[in-house]
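Examination of the molecular architecture
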Amino acid sequence: MTTATLTMEPMTESQLASLYAETLLYQCLVQADEPLKPSEIAKAVGRADVDMRLARVVLVTSAHFTPLDRRWTLWNRYLDTTNTFDHNLKRTLNTFGQPLRISEAAHELAAVYNRPTETFEEMLPRFTEPEGSYFAPAKGYIAPRGWLLNLDLPYSYSGEVEVLYENFIDDEEVYPYFDAADKAELSTEDPDSITRFLAAVNVPVGAKALQFLAWRRNPEGFSPEAFYHTLFMKSGAIALLDGTWISPALADTLAAHFPALAEQEVSDAEAEVQEVAQPLTIGEAEVNQLVEAIQDSEETVYASTLLEDVFDVTPDYSTYQEDLKTLISTLAQDDRVVWLGAERFRPQGTLPAYIYSVPALLEIPDARYLDAEGNEADFLLELEGYDGGLERDVLAPLAQDVLDEEPTGEADSNPPSNARTIIKYHHKQIGTLPLCQFPSGFFPTAPSILEVEFILQGGQKFPVWVNNETRLIYGLYDWFQSIPIDSGAVFTIERQAPDKYVLSYNDESEPNMFISRNRVNELIALGQRAEDEQLPTFDIVREIMEHSRKGLEFLTLHTEVNVVRRTNRQLLASLLSSYHCFFQRGGAWVYDSKKLSQGFNKSKRKYLLR
């Protein structure tokens, strides 16, 4: 067994802390029936100061552990079977640094020789018989007899020098501690004397050195086996992997270094370990574990969190990106949870009901309106029948809206990261935005519903919902209410990540879509009258244009008409092109009441949509 000696450079507290953490993890894996993930090892250790990150650092930097299919096991389980059985048993015990239960030693040997554990459980007790190479420091345990102080010397006088020499104990391992051993009254009969001594010296001390210090105080009748039994079973002293022992007080001091150790950089060593890492495969049991973690949460659960919690895979892992895609793809196909884009998941059935449909306020009435004579007053024309550049105006993004937009093509594979958008009156009332205002691909086009985070200039954050099927963004009501403009407010959105966007509003407005508060009230009143009297859209357009004698651009007119009644752009363009009383002057559309009696332009009949 290797023993720490003072002839070597003493270990620093940080190094000792690492050795102590290594010991805790080693003990855990010895007691495990199978390889474990770092998080499982940390949990099995059962200490609040041993977490998954500390476990990963220790596992990667220690030569005692080796990865096996994304889990970790003991390197000693791969000992060379061409060596003698005695060699491998001693190597197993010496590496552990303290006695093993017969069952644990049998399990380790079974792993080495690929034979049933029961074979070794029957064999090992015979090795602890008197005069054998092993002893039982307690019932059911086994340890090499070489750990005991050898007092069977060939000399006629067995003095301290001879005992030290025969046991390969350096002077520096014991001489500095004579006074401390005497003061603690180190002995076999008093278990507390061992911890008093170790606390006094405050350094790790080898098992043979401890035995020597106790033997020196009372050579007559000293039993190394009895002392080791007291040390192991009764004293409360703690064994480290190098075969030294420390006091509980020193163990607490070393444990205080664990948080710093957990932050240790191990990227180079870990990269070498991960060369053999295989892409993640997720079995049914693990899928259930992932789903349960999502269902147990009241908040959105992130795939990266699940990847770390369930599989111990963190961003510095060599296969991280591939593993993250595998996990997201697997969960996205499970009906028990909802994928909300990027890394976001929620339990099925927990999304707000309102995000699945277009609000009634945004619906465009499908109704026939008649004039005073009972004739149909609203007409739809084919695009070819539009006048004055209206075929271009109806295709402008700002003229389009939910339920009134052009078909979307394939998403841009490299969409711009910034977009300028304008709040329309009816959207401000319910906190929505139409996706048609954004370049295709600005928001991910899959899945059908996204949860994204909007970030204000002051740093405040709030979630919104993007529905690629209804073509709406929901959840902006509270922020919209902080904007004093009823229609035409301009703000920009910058994409920082597929699920994170920064909003910037600087009191800017779009002139062609801005409507003052007074004018909004007038239009609302007109809307109420239009509903009561079932006014045709033609009459609504005529009354609005009478208010603006200098004329209105198409976008401005369309904006005001939609405050009165939701109207699609094709109908408005058709009305402007179909009636003699509407004409274009200097880019603006003007209403001439004198031509009202001329009615419908009969030349447009060939363009009527039946």
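Above this text you will find the structure in question.
An account of the accompanying structure is given in this report. (Residues numbered from 1 in each chain as written. Predicted model: local features only at pLDDT ≥ 70, side-chain atom pairs only at ≥ 80, totals over all residues. Heavy atoms only, no water.)

This next bit is on the environment of Leu 555. Note that Leu 555 resides in helix H23 (residues 554-564). Counting along the chain gives 156 residues from Leu 555 to Ala 399, while the straight-line C-alpha distance between them is 6.2 Å. Every residue in contact with Leu 555, bar those within four places of it in the chain, is listed here: Leu 398, Ala 399, Asn 512 and Met 513. (Helix = DSSP H or I, 4+ residues; strand = E, 2+ residues; numbered from the N terminus. Contact = heavy atoms within 4.5 Å.)

To continue, consider the sheet that holds strand E9 (residues 301-302). Paired through backbone hydrogen bonds, the strands of a sheet run either parallel or antiparallel to each other. One open sheet holds the 3 strands; their spatial order is E9-E11-E10, and the pairing between them is antiparallel. Because the sheet does not close on itself, it has two edges, and the strands there are E9 and strand E10 (337-339). In terms of strand pairing, E10 meets strand E11 (residues 344-347) through 3 bridges, oriented antiparallel. Residue pairing in the sheet places Trp 339 in a bridge with Phe 345 of E11. Contacts between helix H15 (residues 284-295) and the sheet are confined to E9, E10 and E11, with E11 contributing the most and set at about 75 degrees to the helix. (Pairing = 2+ DSSP bridges. Axes fitted to C-alpha atoms, helices over the stretch in contact; angles between N-to-C directions.)

All right, on to the packing of helix H22 (residues 537-547) against H23 then. The geometry of H22 relative to H23 is characterised by a closest axis approach of 10 Å and an angle of 120 degrees between their N-to-C directions. Between H22 and H23, the angle falls in the class oblique. Considering how the two elements wind past one another, H22 and H23 form a crossing that is right-handed. On the side of H22, the interface is formed by Ile 540, Val 541, Ile 544 and Met 545, while H23 contributes Leu 557, Glu 560, Val 561 and Val 564. For the contact of H22 with H23, the class distribution of residues is 7 nonpolar, no polar and 1 charged. (Parallel < 35°, antiparallel > 145°, perpendicular 65-115°, else oblique. Left-handed = near helix turned anticlockwise from the far one by under 90°. Nonpolar A, V, L, I, M, F, W, Y, C, P; charged D, E, K, R; others polar.)

Turning our attention to the nonpolar core. Counting 90 residues, the largest nonpolar core has Phe 197, Trp 245 and Phe 258 as its most contacted members. Of all the elements, helix H1 (residues 13-31) adds the most residues to this core, at 11 residues. Beyond its immediate chain neighbours, meaning those up to four positions away, Phe 258 contacts Ala 17, Tyr 20, Ala 21, Leu 24, Arg 47, Asp 49, Val 50 and Leu 54. With 40 residues, the next largest nonpolar core counts Val 490, Leu 523, Phe 554 and Cys 581 among its residues. (Core = buried A, V, L, I, M, F, W, Y, C linked by side-chain atoms within 4.5 Å. Buried < 20%, exposed > 50% of the residue type's maximum accessible area, 1.4 Å probe, protein only.)

On the surface, Leu 68, Trp 75 and Tyr 78 cluster together to form a nonpolar patch covering roughly 320 Å² of accessible area. Considering the arrangement of structural elements, one finds Trp 75 in the loop between strand E2 (71-74) and helix H4 (85-96). For Trp 75, a relative accessible area of 44% translates into the label partly exposed. (Patch = residues over 30% accessible without salt bridge, like charges linked within 9 Å, V, L, I, M, F, W, Y side chains within 5 Å. Areas by Shrake-Rupley, 256 points an atom, 1.4 Å probe, with all protein chains shown as cover. Salt bridge = Lys/Arg side-chain N within 4 Å of Asp/Glu carboxyl O.)

Here Arg 566 is to be found in the loop between H23 and helix H24 (569-578). There is a polar contact of 3.0 Å between the side chain of Arg 566 and the backbone oxygen of Leu 362. Among the polar contacts made by the side chain of Arg 566, one reaches the main-chain carbonyl oxygen of Val 402 at a distance of 3.0 Å. When sequence neighbours within four positions are dropped, the list of residues in contact with Arg 566 reads Leu 361, Leu 362, Glu 363, Ile 364, Pro 365, Asp 401, Val 402 and His 426. (Polar contact = N/O pair within 3.5 Å; in protein donor to acceptor, adjacent residues only side chain to side chain.)

This part is about the packing of aromatic side chains. With the rule as written, the count across this model stands at 34 aromatic pairs. Arranged with centres 5.2 Å apart and planes meeting at 80 degrees, the rings of Phe 438 and Phe 443 form a pair that is edge-to-face. Relative to Phe 462, the ring of Phe 454 lies with its centre 6.0 Å away and its plane at 75 degrees, an arrangement referred to as edge-to-face. Classification of Phe 454 by relative accessible area gives buried; the value is 0%. The exposure class assigned to Phe 462 is buried, which follows from its relative accessible area of 18%. Taken together, the ring pairs connect Phe 379, Phe 538, Tyr 579, Phe 582, Tyr 591 and Phe 600 into an aromatic cluster. Directly above the ring of Phe 178 sits Arg 216, whose terminal nitrogen or CZ lies 3.8 Å from the centroid. For Lys 595, the ring lying beneath its charged end belongs to Phe 583, and the centroid distance is 5.2 Å. (Phe/Tyr/Trp six-rings, centres within 6.5 Å; stacked < 30°, edge-to-face > 60°. Lys NZ or Arg CZ within 6 Å of the ring centre and 35° of its normal.)

It is worth spelling out the pattern of salt bridges at this point. A side chain of one charge can pair with a side chain of the opposite charge if their charged atoms are brought near each other. Within the structure shown, the criterion is met by 30 salt bridges. Arg 216 is the partner of Glu 160 in a salt bridge, and the nearest nitrogen-oxygen pair spans 3.6 Å. Of this pair, Glu 160 sits in helix H7 (residues 160-166) while Arg 216 sits in helix H10 (residues 207-217), and the two are 56 residues apart along the sequence. Three or more residues joined by partner-sharing salt bridges are found here, namely Glu 160, Asp 182, Arg 216 and Arg 217.

On to the packing of helix H21 (residues 517-533) against H22. Pairs of packed helices are described in terms of their axes, by the angle between the two and the distance that separates them. At a minimum axis separation of 11 Å, H21 and H22 run at an interaxial angle of 155 degrees. With respect to H22, the axis of H21 lies roughly antiparallel. Crossing handedness for the pair H21 and H22: right-handed. Residues Arg 519, Glu 522, Leu 523, Leu 526, Arg 529 and Ala 530 of H21 form the contact with H22, whose participating residues are Ile 540, Glu 543, Ile 544 and His 547. Considered class by class, the residues forming the contact of H21 with H22 number 5 nonpolar, 1 polar and 4 charged.

Before going further, it helps to examine the sheet that holds strand E3 (residues 100-101). Read from one edge of the open sheet, 3 strands run E3-E5-E4, paired in antiparallel fashion. Either end of the sheet is taken by a strand with one partner, and the two such strands are E3 and strand E4 (134-135). Examined bridge by bridge, E3 and strand E5 (residues 141-144) share 2 bridges and lie antiparallel to one another. Looking at the pairing, Leu 100 lines up with Ile 142 of E5.

We now examine the environment of Glu 405. Among the secondary structure elements, Glu 405 is positioned in the loop between helix H18 (390-393) and strand E12 (418-423). Sequence separation between Glu 405 and Lys 550 is 145 residues; the distance between their C-alpha atoms is 29 Å. Those residues in contact with Glu 405 that lie beyond four places of it in its chain are Gln 400, Cys 436, Arg 471 and Arg 569. A polar contact is formed between the side chain of Glu 405 and the side chain of Arg 471, at a distance of 3.0 Å.

Before going further, it helps to examine the side chain of Arg 344. Among the structural elements, Arg 344 can be located in strand E11. The exposure class assigned to Arg 344 is buried, which follows from its relative accessible area of 3%. At 3.4 Å, the side chain of Arg 344 forms a polar contact with the side chain of Tyr 302. When near neighbours in sequence (up to four residues on either side) are disregarded, Arg 344 contacts Thr 300, Val 301, Tyr 302, Val 338, Trp 339, Glu 451, Glu 453, Asp 499 and Lys 500.

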